[in-house]
Amino acid sequence: MSATTHHRRDLFAFGRSDRWGLALLVGLVGVVTVVVQVVQPAARWVGGDPMPVGYAGRVRVPALDALGVRHEDGSVTALVPDPGTTVRVVDLLLGLALSAVVLGAGWLVLRVMRDVAAGDPFRPVNVTRLRVLAGLVAIALPAVWFGRASVDAAALTRLGPDLVVLVLDLPWVPVLAGTVVALLAEAFKLGGRLRDDVAGLV
């Protein structure tokens, strides 16, 4: 009578299919980012189409204004027919910068997860990768955000200075996410030290 041993698959294990799925997801996010941030703005510029700019400002509702009904400011998307060559160029450069950040961050995540799947997550190079990823998320993304806000304000001045409304809305989410990644990098560094200490005792 022979006994058959069945090995149950760990549902939380990061296997080959998971790596392929993550790679496809990261690639899809990168392609969409390039299309939205670079290809579409370039196509609008070449085609002479207006530049869409979102801003927070006064919403004009003639029917309510005629009745004397007051209403709050809201989010509006303005179409700027001629924002200027400088605004167009800087807008494209910011799109390229954001695309580079997204693609770079995705590549770093894939490299780290490859070592995690191989059972060697605490390599020193992964600590460096996570620190770079933290910098991209916590520093580069907010920098692009502030640049985009400046470009939008410059474009809106073509429609009228009264449309430019400065709203203090800092990008806290990327800063907090980058902080978490930085803490994760330190945890990986500590894990590597513990692994080396255990290996030295054996």
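All figures in this text were calculated on a predicted structure; none of them were measured in a lab. (Residues numbered from 1 in each chain as written. Predicted model: local features only at pLDDT ≥ 70, side-chain atom pairs only at ≥ 80, totals over all residues. Heavy atoms only, no water.)

(A) Broad picture of the packing of helix α3 (residues 85-117) against helix α4 (residues 124-156). Two elements in contact, α3 and α4, have axes whose closest approach is 9 Å; the angle formed by their N-to-C orientations is 160°. The pairing of α3 with α4 is recorded here as roughly antiparallel in orientation. Between α3 and α4 lies a crossing of left-handed hand. Of the residues that constitute the contact of α3 with α4, the class distribution is 21 nonpolar, four polar and six charged. (Axes fitted to C-alpha atoms, helices over the stretch in contact; angles between N-to-C directions. Helix = DSSP H or I, 4+ residues; strand = E, 2+ residues; numbered from the N terminus. Parallel < 35°, antiparallel > 145°, perpendicular 65-115°, else oblique. Left-handed = near helix turned anticlockwise from the far one by under 90°. Nonpolar A, V, L, I, M, F, W, Y, C, P; charged D, E, K, R; others polar.)

(B) Representation of the environment of Asp 115 in the model. Positionally, Asp 115 belongs in helix α3. Under the relative-accessibility criterion, Asp 115 is labelled buried at 5%. As for Asp 115 and Asn 126, which are separated by eleven residues in sequence, their C-alpha atoms are 8.2 Å apart. With sequence-adjacent residues up to four places away left out, Asp 115 is seen in contact with Asp 120, Pro 121, Arg 123, Val 125, Asn 126 and Arg 129. (Buried < 20%, exposed > 50% of the residue type's maximum accessible area, 1.4 Å probe, protein only. Contact = heavy atoms within 4.5 Å.)

(C) Examining the side chain of Arg 129 more closely. By secondary structure assignment, the location of Arg 129 is in helix α4. Overall, the relative accessible area of 9% leaves Arg 129 in the buried class.

(D) Quick look at helix α1 (residues 16-47). A rise of 1.5 Å per residue sets the reference length of α1, with its 32 residues, at 46 Å; its end C-alpha atoms lie 44 Å apart and thus fit the reference within 8%. Of all the bends in α1, the greatest, near 35°, is centred on Val 35. Gly 30, Thr 33, Gln 37, Val 38 and Pro 41 are the residues of α1 that are buried. In this structure, the buried side of α1 is in contact with α3 and α4. Downstream of α1 by one or two residues, Gly 48 has phi in the positive range, about 75°. (Expected span 1.5 Å × (residues − 1). Bend = angle between axes of the 7 residues up to and from the residue.)

(E) Representation of the environment of Leu 110 within the structure. Its place among the elements puts Leu 110 in helix α3. Its relative accessible area of 27% is what places Leu 110 among the partly exposed residues. Remark: the alpha-carbon pair of Leu 110 and Ala 23, spanning 87 residues in sequence, is separated by 6.8 Å. If sequence neighbours within four positions are ignored, Leu 110 has contacts with Leu 22, Ala 23 and Val 26.

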